[in-house]
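# Report on the structure
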Amino acid sequence: MVPLFMALFLLGCQTDGDQETEESSDETASEEDSTEESVETESSENGDPNGENVEELTFLEEPETVVDDLNRPWNIVKNDDEFYMTERSGSIVYYDGENMERQTVELEQEVASGQGEGGLLGMVLDPEDDQTAYIYHTYQTGEGMFNRIIAIELSNQTWQETDILVDEIPAGRIHDGGRLAIGPDDYLYATTGDAGDENLSQETDNLAGKILRMDFDGSIPDDQPFEDSLIYSYGHRNPQGLDWNENDELYSSEHGSTAYDEINHIEPGNNYGWPVVRGDDTADGMEPPTIHSGEETWAPSGAAFDDEGNLWVTGLAGQSLYRFDIESGNQEIILDDEGRLRDILVADGEAYVLTNNTDGRGNPEEGDDRLLKIAE
């Protein structure tokens, strides 16, 4: 384990070769081939609607388990001293600081769980009403598999669907995106994957392989880069992390193919190149990544900025928590002894990570999966 209280070292080690092939080159070896049922902001993304992160963090000597026995968790939301965590099977786990309970989610379309990387994925609370939330989930019909973004309302410990913001986002066994985040402009953002069809990412009339932006009723903001479209940026493979720095600049973490994972500076209307370019490749009209992993594999998921402008990103195949200096491109590993890591929350003077060892790709230990406090 990398001791959290010691100096952090620069990222330079290769991840396990088998995990590279399984996770980042093409995640089909993931949930799709598993015999188990598969599994894959309050701070802009995770817990602070005003975009305020911590001032300064002190790492704990050892991670502290806050909640354990989670089943394929995907997203952390913090509301004062309370936590909500989505589980891909379709539950929302609530923790009030002392007790944990699984809350039922009643939807018009049942959550499709165990069919690849989909399920109940991203969640954010409404900034004006913490009994209302927005979720991103996968569902199956006779016409195929889709993702949608909906509003839900809490009543008697049960979340009930109240509105559909976006429907029929392409879904597949791999590359479903799934992150929701509230931006400093008070709009809702969502990441979508290419659903296993890389050509969809370049189609500006298709919602796959995009970052979307909308109002809380699903309507299109007046200043969108594409007329009458929710699309904010395109040319993405499988983006899963979103957060804004102190200058209100949006960054996203994205799964690459055969390594070449990416950190991208997202600007409206830009094309981020998938599947035409990757790594240091260039092409007219396509944006290169701010940072990429080269031949290493991170399989990046959740992302959050700290007050020093560093971007923290959880790694699945990389089984590490990475910290990136966006200006210099330097990378550090600040946690690497907890297996697969799905989400990161940096808010209210604290930092938390969500492990993801029960998703069919990891090696769960007793108590997995867990919400861990790593800094305060």
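What comes next concerns the included structure. Per chain, the residues get numbers from 1 upward, laid out in the order the sequence is written. Two thresholds apply to this predicted model, a pLDDT of at least 70 for residue-level local features and 80 or more for giving and counting side-chain atom pairs, whereas whole-chain, interface and lining totals are computed over all residues. For side-chain calculations, the full set of non-hydrogen atoms in the structure is used, while hydrogens and water are omitted.

### Focus: empty space enclosed by the protein
Cavity means a closed set of points on a 1 Å grid over the protein atoms alone, one where a 1.4 Å probe fits but cannot get out, pocket means an open set with protein on both sides within 12 Å along at least 5 of 7 lines, and lining means a residue has an atom within 4 Å of a point. Grid points are joined across faces, edges and corners, and a volume is the space filled by probe spheres set on the points. Estimates place the volume of the largest cavity at around 60 Å³. Surrounding the largest cavity, Arg 237, Glu 254, His 255, Gly 256, Ser 257, Tyr 260, Glu 262, Trp 274, Val 277 and Arg 278 form its lining.

### Things to note about the layout of surface pockets
Taken as a whole, the largest pocket holds about 150 Å³ of empty space. Contributing to the lining of the largest pocket are Asn 245, Glu 246, Asn 247, Glu 249, Tyr 251, Phe 305, Glu 308, Gly 309, Asn 310, Asp 325, Ile 326 and Glu 327. Three classes are used: nonpolar for Ala, Val, Leu, Ile, Met, Phe, Trp, Tyr, Cys and Pro, charged for Asp, Glu, Lys and Arg, and polar for all others, with Gly counted as polar. Within the lining of the largest pocket, the residues separate by chemical class into three nonpolar, four polar and five charged.

### With respect to the nonpolar core
Nine residue types can take part in a nonpolar core, namely buried Ala, Val, Leu, Ile, Met, Phe, Trp, Tyr and Cys, and a core is a set of them joined through side-chain atoms within 4.5 Å. Burial status follows relative accessibility: with a 1.4 Å probe on protein chains alone, a residue under 20% of its type maximum counts as buried, one over 50% as exposed, and anything between as partly exposed. Ranked by internal contacts, the top residues of the largest apolar core, which has 20 residues, are Tyr 134, Ile 149, Leu 165, Leu 180, Leu 188 and Met 214. The helix count covers DSSP runs of H or I at least four residues long, the strand count covers runs of E at least two residues long, and both are numbered beginning at the N terminus. Secondary-structure elements contributing two or more residues to this core are β7 (120-126), β8 (129-141), β9 (144-155), β10 (158-170), β11 (180-182), β12 (188-191), β13 (210-214) and β14 (231-234). Examining the composition of this core, we find that three residues originate from one element, β10, more than from any other. Those residues within four positions of Leu 165 in sequence are excluded, and the remaining contacts are Tyr 134, Ile 149, Ile 150, Ala 151, Leu 188, Met 214, Asp 215, Phe 216, Asp 217 and Gly 218. We call two residues in contact whenever any of their non-hydrogen atoms come within 4.5 Å of each other.

### A short note on the sheet that holds β7
One bridge is not enough; two strands pair if DSSP finds at least two bridges between them. With mixed pairing, the eight strands of this open sheet are ordered in space as β3-β4-β5-β6-β10-β9-β8-β7. Because the sheet does not close on itself, it has two edges, and the strands there are β3 (73-79) and β7. In this sheet, neighbouring strand axes are inclined to one another by 30° on average, regardless of whether the strands run parallel or antiparallel. Direction of pairing for β7 relative to β8: antiparallel, over a ladder of five bridges. Directly across from Asp 126, in β8, lies its bridge partner Asp 129. For helices, the axis comes from a line fit to the C-alpha atoms of the stretch in contact; other axes are also lines fit to C-alpha atoms, and the angle between any two N-to-C directions lies between 0 and 180 degrees.

### Let's talk about the sheet that holds β14
Judged by pairing direction, the sheet is antiparallel, and its four strands sit side by side in the order β11-β12-β13-β14 without closing on themselves. Edge positions in the sheet fall to β11 and β14, since each has one partner strand and no second. Within the sheet, the average angular offset between the axes of one strand and its neighbour, ignoring direction, is 20°. Bridging between β12 and β13 involves four bridges; their strand directions are antiparallel. Its bridge partner being in β13, Thr 191 is matched across the sheet by Ile 211.

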